[in-house]
Amino acid sequence: MTESAVADTRRLNSKPQDLTDAYGPPSNFLEIDVYDPQIIGVGRSRYTTYEVRMRTNLPIFKLKDSCVRRRYSDFEWLKNELERDSKIVVPPLPGKALKRQLPFRGDEGLFEESFIEERRSGLEQFINRIAGHPLAQNERCLHMFLQEESIDRNYIPGKNILQASFI
Amino acid sequence: SGLFVQIIITAMSFFGFGQSADIDIVLNDAETRKKAEHKSEDGRKDKYFLFYDGETVSGKVNVTLKYPGKRLEHNGIKIEFIGQIELYYDRGNHHEFVSLVKDLARPGELTQSQTFDFEFTHVEKPYESYTGQNVKLRYFLRATVSRRLNDISKELDIVVHTLSTYPELNSSIKMEVGIEDCLHIEFEYNKSKYHLKDVIVGKIYFLLVRIKIRHMEIDIIKRETTGTGPNVYHENDTIAKYEIMDGAPVRGESIPIRLFLAGYEMTPTMRDINKKFSVRYYLNLVLIDEEERRYFKQQEITLWRKGDIVRKSMSHQAAIASQRFEGSSNPERSQSQSNEEGDS
């Protein structure tokens, strides 16, 4: 077999792309907003909740548009569940801010506006990073966190994929 | 002044300044033979005479006495042609796979500087010279003047390249891989065996994209494996990183690959050389998503060295090499063979 002195660098043949695929909505749409902080309760038992709104077209999520209310400790719960059950490296949460819970501060402590905004932004980053992870998407706890009204801390941890599916 | 020199020389012997000599090895075809660059252990690039399997190594050994007029007593002068493998973690042991010796002079004495001719005919050089992270394979000539207390020796390193011709079978690599329900791609590379100055032509076709990809690249990874059994050690080195896509792809998109290998420092694939080491190459396709998560697929490719000497003389070399195994020298037949191929 003789080959020419100059290599053939022409592109390999490929199917032309379907125009619906080219110009249609992407299959990877996933956006989560953490917003609308509300202070619940009175006195020393007050806490802040945030609205967590998810919009997606990923088939793995049952609801394509969901809205729930969560507080910081719920995010901590999710982080702990994922660290225990999945093999992923879970990104960090914004700080616990224990100092802000001490009395005799000059400011509003945990309910200082700038702090709440900082925390809100950190939580939004955290949940977006996790929800996009293919391995995290398999975990029951993530779906419960994002799409069920309240978190059942006595739930049975598990994977969302059908265990019995053989290829 | 003759007497004066004699006194000095006697005094020198008295004080232990014996006669010594410088050795110089010169190849007969030093003027015409090509040189090739080869990186040494410390990273320096030097040029050495280039040889191929089956070629004769011939030349002269010049022994130049340091102090003229004084004899050099010796236990024999010889020249060796050696091919050896040296594992860095076991420096004391050299594994010689080629070891030839020619005696140049029987034990005696040299009264003046002398030149000796040598020829190693049609030497087998089965492997390519290689200097790596944990192992070195080298060929060299070593001329030695043996003496009672300390030998005088000189080494001349050469470089050997192993050549191949276009492989008869060279199928493309085509595979569908992915993460269930998340990312499915089909990748294709036009060949499985590439020569060192070849071009990798390929494509990545996206069947399903449910993650947010930011960037895709192809890396060339060289893996040097030394040791056997439980002591196997792999040294991976990323020779090249080549971005092939910047931005998010969607279903149905095809991304072309065109990667010129000549720009990278690579060796041919070396498999289980003398049962001591291997050097293999892999293409690593890497996709990186918005959150820096990496998805990759590694695929081995075979690299080979294409000769740039004319086909006619190549077959002449091959004919010479084949004579070693056939046992009979049949110059008429091989000559007519090479003439035929030259005419075609």
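Along each chain, residues carry numbers from 1 onward, in the same order as the chain's sequence is written. Throughout, the order in which chains and ligands are written sets their labels, letters from A for the former and numbers from 1 for the latter. Selection of residues for local features in this predicted model requires a pLDDT of at least 70, selection of side-chain atom pairs for listing and counting requires 80 or more, and totals for whole chains, interfaces and linings are taken over all residues. To get the side-chain values, take all heavy atoms of the structure and skip hydrogens and water.

Undergrad: If you had to explain the overall build of chain B to someone new, which residues and values would you point to?
TA: Per the convention used, a helix needs a DSSP run of H or I reaching at least four residues, while a strand needs a run of E reaching at least two, with both numbered from the N terminus. Within chain B, the secondary structure is distributed over three helices and 22 strands. Looking at the 344 residues of chain B, the share that counts as buried comes to 44%. Any two residues whose heavy atoms approach within 4.5 Å at even a single point are treated as in contact. In chain B, 67% of the contacts between residues at least 6 apart in sequence involve partners at least 24 apart. Note that accessible areas follow from Shrake-Rupley with a 1.4 Å probe, and for residues the cover is restricted to the protein chains shown. About 18600 Å² of surface is accessible on chain B, with carbon and sulfur atoms providing 47% of the total. The classification of residues rests on relative accessible area computed with a 1.4 Å probe and restricted to protein chains. Under 20% of the type maximum is buried, over 50% is exposed, and intermediate values are partly exposed.

Undergrad: Before we move on, can you summarise helix H2 (residues 72-85) of chain A with the specific residues and values?
TA: Along an α-helix, residues three or four apart share an orientation, since each turn contains 3.6 residues. In a regular helix each residue adds 1.5 Å, so 14 residues correspond to 20 Å; H2(A) covers 20 Å between its end C-alpha atoms and thus fits that length. Within H2(A), the full set of buried residues consists of Tyr72(A), Asp74(A), Phe75(A), Trp77(A), Leu78(A), Lys79(A), Glu81(A) and Leu82(A). Take the number of residues in a helix, subtract one, and multiply by 1.5 Å to get its expected span.

Undergrad: Account for the sheet that holds strand S13 (residues 173-179) of chain B, naming residues and giving values.
TA: Residue and element names in this part refer to chain B. Each pair of strands is called paired provided DSSP finds at least two bridges between the two strands. The four strands lie next to each other as S13-S14-S16-S19, forming an open sheet whose pairing is antiparallel. One side of each edge strand has no neighbouring strand; the edge strands of this open sheet are S13 and strand S19 (254-260). Ignoring which end each strand starts from, the neighbouring axes of this sheet average 20° apart. Pairing of S13 with strand S14 (residues 183-189), which is carried by seven bridges, proceeds in the antiparallel orientation. Looking at S14, one finds that Ile173 is bridged to Tyr189. Here, axes are lines fitted to C-alpha atoms. For helices the fit covers the stretch in contact, and angles between N-to-C directions go from 0 to 180 degrees.

Undergrad: Can you tell me about the pattern of salt bridges, naming the residues and giving the values?
TA: All names here are of chain B. In the sections that follow, a salt bridge refers to a side-chain nitrogen of Lys or Arg positioned within 4 Å of a carboxyl oxygen of Asp or Glu. Applying the stated criterion across every chain yields a total of 43 salt bridges over all chains. Of the charged contacts in the structure, one is a salt bridge between Arg91 and Glu86, with a shortest N-O distance of 2.8 Å. You can call Arg91 partly exposed: its relative accessible area is 38%. The salt bridge partner of Asp157 is Arg138, with a shortest N-O separation of 3.0 Å. Here Asp157 is found in strand S12 (residues 152-160), whereas its partner Arg138 is found in strand S11 (residues 135-145), with 19 residues between them in sequence. Accessibility expressed as a relative area gives 23% for Asp157, which makes it partly exposed. Relative accessible area serves as the criterion here: at 15%, Arg138 is assigned to the buried category. The network of salt bridges with shared partners includes Glu80, Arg138, Arg142, Glu155 and Asp157.

Undergrad: Lay out the interface of chain B and chain A in plain terms, naming residues and giving numbers.
TA: Often, the extent of an interface is quoted as the loss of accessible area upon association of its parts. If you look at the interface, chain B gives 26 residues, while chain A gives 24 residues. Together, the buried faces of chain B and chain A total about 2400 Å²; carbon and sulfur atoms form 55% of this surface. Area buried by chain B at its contact with chain A is led by Tyr166(B), Arg210(B) and Arg293(B), which between them contribute 23% of it. The interface formed by chain B and chain A holds two salt bridges in total. With its nearest N and O atoms 3.0 Å apart, the salt bridge here joins Glu291(B) to Arg129(A). Any pair of nitrogen or oxygen atoms within 3.5 Å is treated as a polar contact; in protein, a donor-acceptor pairing is required on top of that, and neighbouring residues in sequence qualify only through side-chain atoms on both sides. Counting every contact that joins chain B to chain A gives nine residue pairs in polar contact (both at pLDDT 80 or more). Breaking the side of chain B that touches chain A down by element, the ones donating at least two residues are strand S16 (199-209) and S19 of chain B. Just so you know the grouping, Ala, Val, Leu, Ile, Met, Phe, Trp, Tyr, Cys and Pro go in nonpolar, Asp, Glu, Lys and Arg go in charged, and all remaining residues, Gly too, go in polar. Here the residues of the side of chain B that touches chain A sort into eleven nonpolar, four polar and eleven charged. Buried area: the accessible area, evaluated with a 1.4 Å probe, that two parts lose upon being put together, summed over both parts.

Undergrad: Go over helix H4 (residues 140-147) of chain A, please, and point to the residues and values.
TA: Residues and elements named next belong to chain A. Among the eight residues that make up H4, seven are buried, leaving the element largely enclosed by the rest of the structure. The complete set of buried residues in H4 reads Cys141, Leu142, His143, Met144, Phe145, Leu146 and Gln147. Lining the buried residues of H4 we find strand S1 (30-40), strand S2 (47-56), strand S3 (65-71), H2 and helix H3 (113-131).

Undergrad: Which residues make up the side chain of Thr56(A), and what values go with them?
TA: Residue and element names in this part refer to chain A. By secondary structure assignment, the location of Thr56 is in strand S2. Classification of Thr56 by relative accessible area gives buried; the value is 5%. A polar atom in the side chain of Thr56 sits 2.8 Å from the backbone oxygen of Phe29. Setting aside chain neighbours within four positions, we find Thr56 in contact with Phe29, Leu30, Phe61, Leu63 and Lys64.

Undergrad: If you had to explain the packing of H2(A) against H3(A) to someone new, which residues and values would you point to?
TA: Residues and elements named next belong to chain A. H3 packs onto H2 with a crossing angle of 30° between their chain directions and a minimal axis gap of 12 Å. The pairing of H2 with H3 is recorded here as roughly parallel in orientation. Handedness of the crossing formed by H2 with H3: left-handed. Judged by residue contacts, Tyr72, Phe75, Leu78, Lys79 and Leu82 of H2 engage Arg119, Leu123, Phe126, Ile127 and Ile130 from H3. In these notes the angle categories are as follows: under 35 degrees is roughly parallel, over 145 is roughly antiparallel, 65 to 115 is roughly perpendicular, and the rest is oblique. Crossings are classed by handedness, with left-handed meaning an anticlockwise turn of the near helix from the far one by less than a right angle and right-handed meaning a clockwise turn.

Undergrad: How would you explain the pairing of S19(B) if you had to name every residue and give the values?
TA: All names here are of chain B. The side-chain alternation of S19 yields one buried face, formed by Ile255, Ile257 and Leu259, and one unburied face, formed by Ser254, Pro256, Arg258 and Phe260. Here seven bridges tie S16 to S19, and the two strands are oriented antiparallel to one another. Residue Val199 lies in a different strand from S19, and its bridge partner there is Phe260.

Undergrad: I'd love a proper account of the packing of aromatic side chains, names of residues and values included.
TA: Residues and elements named next belong to chain B. Here is the rule: rings of Phe, Tyr and Trp (six-membered ring for Trp) pair when centre to centre is within 6.5 Å. Planes less than 30 degrees apart are stacked, more than 60 are edge-to-face, and the remainder are tilted. Throughout the structure, instances matching the rule amount to eleven aromatic pairs over all chains. Each ring, one from Phe81 and one from Phe120, has its centre 6.1 Å from the other, and the planes form 45°; the classification is tilted. Note that Phe81 is positioned in strand S6 (residues 77-87) and Phe120 in strand S9 (residues 114-120), a separation of 39 residues in sequence. The same class applies to Phe81 as to Phe120, namely buried. Note on Phe97 and Tyr127: the rings are 5.0 Å apart at their centroids and 70° apart in plane angle, and the pair reads as edge-to-face. Here the residue Phe97 occupies a position in strand S7 (residues 94-105), and Tyr127 occupies one in the loop between S9 and strand S10 (130-131), the gap between them amounting to 30 residues. An aromatic cluster is built from Phe81, Phe97, Phe118, Phe120, Tyr127 and Tyr139, whose rings are joined through pairwise contacts.

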